[in-house]
Amino acid sequence: MDREGNEWTVEHLALSVELIRREDFNKPIINLLNNEDMYDSEVCVDEANNIFVPIYGGLVHVYNSVLNATVNGVSNKLPPFKKELGMSLAEYMALNYDLQIHKS
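Residues numbered from 1 in each chain as written. Predicted model: local features only at pLDDT ≥ 70, side-chain atom pairs only at ≥ 80, totals over all residues. Heavy atoms only, no water.

Draft legend 1. Inspection of the nonpolar core at higher detail. One finds L32, V43, I55, Y56, L59, V60, Y63, L67, L85, M87, A90 and A94 forming the largest nonpolar core, which totals 12 residues. At the level of secondary structure, the elements contributing two or more residues to this core comprise α3 (57-67) and α4 (89-96). For this core, the leading source of residues is α3, giving 4 residues. Leave out the neighbours within four places in its chain, and I55 touches Y39, D40, S41, E42, V43, V60, E91 and L95. (Core = buried A, V, L, I, M, F, W, Y, C linked by side-chain atoms within 4.5 Å. Buried < 20%, exposed > 50% of the residue type's maximum accessible area, 1.4 Å probe, protein only. Helix = DSSP H or I, 4+ residues; strand = E, 2+ residues; numbered from the N terminus. Contact = heavy atoms within 4.5 Å.)

Draft legend 2. Seen up close, unusual backbone geometry. A positive phi angle is found at D37, which is not glycine, with a value near 70°. Residue placement: D37 occurs in the loop between α2 (26-34) and β1 (41-46).

Draft legend 3. Examining α3 more closely. Burial in α3 covers these residues: L59, V60, V62, Y63, V66 and L67. Along the long axis of α3, the arc covered by the buried residues comes to 160°, so they all point the same way. (Arc of directions from axis to C-beta.)

Draft legend 4. Focus on the packing of aromatic side chains. Applying the stated criterion to the full structure yields 1 aromatic pair. Ring centres of Y39 and Y56 lie 4.6 Å apart, and the angle between their planes is 40°; this geometry places the pair in the tilted category. Pair noted here: Y39 is in the loop between α2 and β1 and Y56 is in the loop between β2 (51-55) and α3, with a separation of 17 residues, a long-range link. The exposure class of Y39 is partly exposed, given its relative accessible area of 42%. (Phe/Tyr/Trp six-rings, centres within 6.5 Å; stacked < 30°, edge-to-face > 60°.)

Have a look at this one:
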């Protein structure tokens, strides 16, 4: 609130989201768009039944770069996992969250 009584809310995005916006991921994202549906990596989703699912290695790299970033000499500390994923967080994100970028 300011002196005149005006109120406002400031929304803070997660540090990782801010870093994705700030970093220059043009080359890896263009590469991902150019190679759509041409997966170059895979992740195990069911170890007991030996089931692997293809994912984009480039997308895992982008997520890893941001999740493990250092800002002003301080490492980005992630909160503890609520459940065991059986894969890295970046692989989990690449598997479950589509890259929502459209060619223009």
